[in-house]
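# Analysis of the macromolecular model
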Amino acid sequence: MNLVVMGAQWGDEGKGKIVDYLASEAETVIRFSGGANAGHTIVTNGVTYKLHLVPSGIIDKNKICLMGSAMVIDPEGLFNELDNLSNQGIDWKGRLFVSDRAHLVLPSYKQIDIEMDKKRKSPIGTTGRGIGVAYSQKASRDGFRVCDIFDEQMYSRLEDEDKVFLEKFKARLEPMVVNAAYFMAQRKGQKNLFEGAQGALLDLDGGTYPFVSSGFSCSAGAAIGGSVGPASLDKILGVFKAYQTRVGNGPFPSAFTKEKDGDLENTIREIGNEYGVTTGRPRKCGYLDLVALKYVCLTNSLSSLVLTHIDVYDGIDEVKACVAYDINGKITEEFPSTVSDLEAAKPVTKTFKGWNTSITGAKSYADLPKETQEYLEFIEEYTGTKISIISVGPDRDQTFNVDEPWTK
Ligand code: GDP
Ligand code: IMO
Ligand code: MG
């Protein structure tokens, strides 16, 4: 069975945590998109792990992990991350594989990324990890892939400084490299878990272009980056927070404002620890944007939703969600394509009663207060999509199923 976990907002929804939770039943975990722009956090047995490139399944010592074909990999970042994992007692050797078709982030890309963003009239606020440069090189057919390191003809075309850089990693990388198409074909019928990075609203096509990343973080990206056909994806889970966050620039219609919401943004940021894992930047926070979430459900064929961070609202008297946009006086439930419309959009909100009690120990849907259930039921009704897993805190144990995830 092929089960996809993807972000249904602007990233940082808790994908890493959910992948780690679901990995206990999986055989293989495949990270299908992005690069070291991602920051996935896993908390278990009091230990926190922060991953950027390595699939979140690596924390479970029995899992096989694959870094997929549509990833862009900085080998220096990868081996630093692996050394950190070794220092934290995670033995990854012999369990981590890399697609030979994945592209590499070469040393000059990061500086170019930073300089290009500075020159933009409206900077995107990239993570400076060379992601856009690597994907541009790939699209213009000037990229350099993992398999090219071992191909004399391709290797000879590199600049000397890139050769010097890659020589440091070649021998360590070689035993990890596989032809992902056949690696995945051998795993047909097994439980394969596909891990997305970023989120649907940062997807190059479906996201809030140009304020997006450069990879395919949508569900279709799982097939592309996971080296399987789209028809083989059995279930697609979209992870979303009980509220909305965004790091970097770009439109955010449901953002909290000082005038309307007072200090709510700071409160949520501090309770939810809303600081970027990769860059440490504070994340902007806002009401759950149901217009955007419904659009994501539609365009990604989500089988169900995974709700995280609902505990962050524990002490809040009133919970609001954005149910429509007012764009220059016109009320709409459609997610617009242009930045101008998204910037003009004022959130139309619906208010829910808060629950004012801690739910961080909840083990089932029945444990949730009536008020929390009402909020969740409205989300399901609005999006037409069921919530199948609920997370009530950062720890692996603070998660429960509403539906069985590993059945078709
Ligand atoms: P990812 O990029 O989607 O994997 O998410 P990040 O790791 O960037 O950000 C999610 C943050 O929220 C991490 O610090 C997690 O430990 C934490 N987290 C995950 N799920 C929950 C939850 O249900 N409640 C709370 N309070 N924190 C959570
Ligand atoms: P995870 O996997 C949140 C954002 C950046 C910037 C834009 C483009 O942890 O959810 P890039 O460096 O990719 O060219 O930056 O995308 N961004 C993320 N925001 N979570 C992420 O990943 C992100 N990866 C990129 O902040 O706005
Ligand atoms: Mg993150």
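The paragraphs below set out a description of the structure included in this document.

## Considering the sheet that holds strand 9 (residues 177-178)
Two strands in a sheet stick together by hydrogen bonds in their backbones, pointing the same way (parallel) or opposite ways (antiparallel). Strand order in this open sheet of ten strands is 9-7-5-2-10-1-11-15-19-20, and the pairing throughout is mixed. The two strands at the open ends of the sheet, each matched to only one other strand, are strand 9 and strand 20 (399-401). For strand 1 (residues 2-7) and strand 10 (residues 192-195), the ladder comprises four bridges, and the chain directions are parallel. Residue pairing for strand 10: V4 is matched across the bridge by F194. Against the sheet, helix 13 (residues 370-383) engages strand 11 (235-241), strand 15 (304-308) and strand 19 (387-391), with an angle of about 140° to strand 19.

## Things to note about the site of ligand 1
Lining the immediate environment of ligand 1, one finds 20 residues, of which G14, K15, G39, T41 and S391 sit closest. Within the backbone of G39, an N or O atom sits 2.8 Å from an oxygen atom of ligand 1. Contact between ligand 1 and S391: an oxygen atom at 2.5 Å from a side-chain N or O atom of the residue. Of all the secondary-structure elements, those providing two or more residues to the shell around ligand 1 are helix 1 (15-23) and strand 3 (40-44). Looking at the shell around ligand 1 residue by residue, the class counts come to five nonpolar, nine polar and six charged. Looking at which domains feed residues into the shell around ligand 1, each of domain 1 (2-237) and domain 2 (240-401) gives three or more.

## Structural notes on the pattern of salt bridges
Summed over the entire model, instances satisfying the criterion amount to 17 salt bridges. The shortest N-O distance in the salt bridge between E274 and R283 comes to 2.7 Å. On the basis of relative accessibility, which here comes to 7%, the residue R283 falls in the buried class. Connected through salt bridges with shared partners, the residues D12, K241, E274 and R283 form a single ionic network.

## Observations concerning the coordination of the magnesium ion (ligand 3)
At this site the magnesium ion (ligand 3) is bound by D12 (OD) and G39 (O), with donor distances of 2.0 to 2.2 Å. Separated by 27 residues along the polypeptide, D12 in the loop between strand 1 and helix 1 and G39 in the loop between strand 2 (28-31) and strand 3 bring together distant segments of the chain. Per residue, the accessibility class of D12 equals that of G39, and both read buried.

## A look at unusual backbone geometry
Residue Y209 is joined to P210 through a cis peptide bond whose omega torsion reads 5°. Residue position: P210 is located in the loop between strand 10 and helix 8 (220-225). Backbone geometry at R141 places phi at a positive 65°, although glycine is not the residue there. With respect to the helices and strands, the residue R141 is situated in the loop between helix 4 (131-139) and helix 5 (152-156).

Parameters at a glance
Residues numbered from 1 in each chain as written. Chains lettered and ligands numbered in written order. Predicted model: local features only at pLDDT ≥ 70, side-chain atom pairs only at ≥ 80, totals over all residues. Heavy atoms only, no water. Pairing = 2+ DSSP bridges. Helix = DSSP H or I, 4+ residues; strand = E, 2+ residues; numbered from the N terminus. Contact = heavy atoms within 4.5 Å. Axes fitted to C-alpha atoms, helices over the stretch in contact; angles between N-to-C directions. Near = heavy atom within 4 Å. Polar contact = N/O pair within 3.5 Å; in protein donor to acceptor, adjacent residues only side chain to side chain. Nonpolar A, V, L, I, M, F, W, Y, C, P; charged D, E, K, R; others polar. Domains from an automatic or database assignment. Salt bridge = Lys/Arg side-chain N within 4 Å of Asp/Glu carboxyl O. Buried < 20%, exposed > 50% of the residue type's maximum accessible area, 1.4 Å probe, protein only. Donors = N, O, S within 2.8 Å, 3.2 Å for Na, K, Ca; no water.

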